[in-house]
Amino acid sequence: MAGEVALSQALAYARDLKSAYETARAREQELIVANDRLRKGYQQSLQYAVDLKRTHRQLQRSIFQSLLGLANALEAKDAYTSGHSSRVSRFARELALAAGLSQTAAETIAQAGLLHDLGKISVPESILGKPGALTQEEWEIMRRHPVISAQIVAPLEFFDQGAIILRHHHERYDGSGYPDGLRADMIPLGARIVAIADVYDALTSERPYRARVGHAEAVRYLREQAGRTLDDDLVGLFLELFGGVGAVRNGKPQHGTSERIV
Ligand SMILES: [Fe+2]
């Protein structure tokens, strides 16, 4: 009798255990399903974030392309500066690579070369095209263009290094430049590179306020300014790249460069 009771209790325990086990299995399955849903939801939100980031970058690239178009349009309407930025860009890229910078950094510097004078959009044509010397007031307006160039591109997160170059492309190695009077290595490297390309191309281009000079005269001027207004090491590299090629442009060398170069 006692044996039958014990057997009956054991069977009841076994049934309870089986039931508890099945309940636990069912919960486990539910948890697996819920976990799977969570994982899929997480992956989807990650994908949304990636898509959003991509769209954001595409939008920024589109804005950048529009700014390039604007810079080109500004140059194209002025016979004196037509093609200047693309030549500065090419010189700057090659100089950056010769200085040992990465392709990415050189590309940013080249892009800065394309956009460096975008801020001149704020300078009246009567000043830009003035044949004679600028008045103090006109200089004040002209000297704002690097800061305005930087402000125009400031919303482009991927071009933050480029914005810095735009701001400082008229700094001088001896601290006599603008807008911040930075000197020597305090001037961002990309800005020192663009400055040399800018000066060389401006010198060898016709401007309303002075005649262009020949390649040899421009090389002489760069040598003279090395260590003064321009980074001497970079001028040395620039001249290794472009100094011995002979006249980059056709044109009769002319002497007597004015202080206003770019
Ligand atoms: Fe400039």
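Conventions we followed
Residues numbered from 1 in each chain as written. Predicted model: local features only at pLDDT ≥ 70, side-chain atom pairs only at ≥ 80, totals over all residues. Helix = DSSP H or I, 4+ residues; strand = E, 2+ residues; numbered from the N terminus. Rg over C-alpha atoms; globule rule 2.2 N^0.38 Å. Buried ≥ 20, exposed ≤ 12 C-beta atoms within 10 Å, placed from the backbone. Contact = placed C-beta atoms within 7 Å. Core = buried A, V, L, I, M, F, W, Y, C linked by C-beta atoms within 7 Å. Domains from an automatic or database assignment. Nonpolar A, V, L, I, M, F, W, Y, C, P; charged D, E, K, R; others polar. Axes fitted to C-alpha atoms, helices over the stretch in contact; angles between N-to-C directions. Parallel < 35°, antiparallel > 145°, perpendicular 65-115°, else oblique. Left-handed = near helix turned anticlockwise from the far one by under 90°. Expected span 1.5 Å × (residues − 1).

**Student:** Before we move on, can you summarise the overall build of the protein with the specific residues and values?
**Tutor:** When you go through the protein residue by residue, the secondary structure sums to ten helices and zero strands. Taken against the 2.2 N^0.38 rule, which gives 18 Å for 262 residues, the C-alpha radius of gyration of the protein at 33 Å runs more than 25% over that of a compact globule. Taking the principal axes of the C-alpha coordinates as reference, the protein spans close to 130 × 35 × 30 Å. Considering the protein as a whole, with its 262 residues, one finds that 30% of them fall into the buried category. Considering only intrachain contacts with a sequence separation of at least 6, the fraction spanning at least 24 residues in the protein is 66%.

**Student:** Go over the nonpolar core, please, and point to the residues and values.
**Tutor:** The biggest cluster of nonpolar side chains holds 42 residues, and the ones touching the most others in it are Ala92, Leu95, Val194 and Ile196. Elements with a minimum of two residues in this core: helix H2 (84-98), helix H3 (103-115), helix H6 (145-153), helix H7 (160-168), helix H8 (189-203), helix H9 (215-225) and helix H10 (232-243). When residues in this core are grouped by element, the largest group, ten residues, is from H8. In this view, Ala92 contacts Ile109, Ala110, Gly113, Ile193, Val194 and Ala197; residues no more than four positions away in its chain are not counted.

**Student:** Requested: an account of the domain arrangement of the protein, with residues and values cited.
**Tutor:** On domain assignment, one finds that the protein holds domain 1 (1-77) and domain 2 (81-243). A separation of 52 Å is found between the C-alpha centroids of domain 1 and domain 2. Across the boundary between the two partners, domain 1 contributes ten residues, which contact 15 residues of domain 2. When grouped by side-chain class, the residues that make up the side of domain 1 that touches domain 2 number seven nonpolar, one polar and two charged.

**Student:** Could you give an account of the packing of H8 against H10, naming the residues involved and the relevant values?
**Tutor:** Relative orientation of the contacting elements H8 and H10 amounts to 50°, with a least axis distance of 10 Å. It follows from the interaxial angle that H8 and H10 lie oblique. The two elements H8 and H10 meet at a crossing, and its hand is right-handed. Along the contact surface, H8 presents Arg192, Ile193 and Ile196, while H10 presents Leu234, Val235 and Phe238.

**Student:** Account for helix H1 (residues 2-76), naming residues and giving values.
**Tutor:** Its 75 residues place the ends of H1 109 Å apart at the C-alpha level, agreeing with the 111 Å of an ideal helix rising 1.5 Å per residue. Counting buried residues in H1 gives one out of 75 residues, a small share hidden from the surface.

**Student:** Which residues make up unusual backbone geometry, and what values do they have?
**Tutor:** The omega torsion across Tyr178 and Pro179 is 10°, close enough to zero to call that bond cis. By the secondary structure assignment, Pro179 is in the loop between H7 and H8. With a phi close to 45°, Ala184 is a non-glycine residue in the positive phi region. Exposure remark for Ala184: the 13 C-beta atoms within 10 Å place this residue in the partly exposed category.

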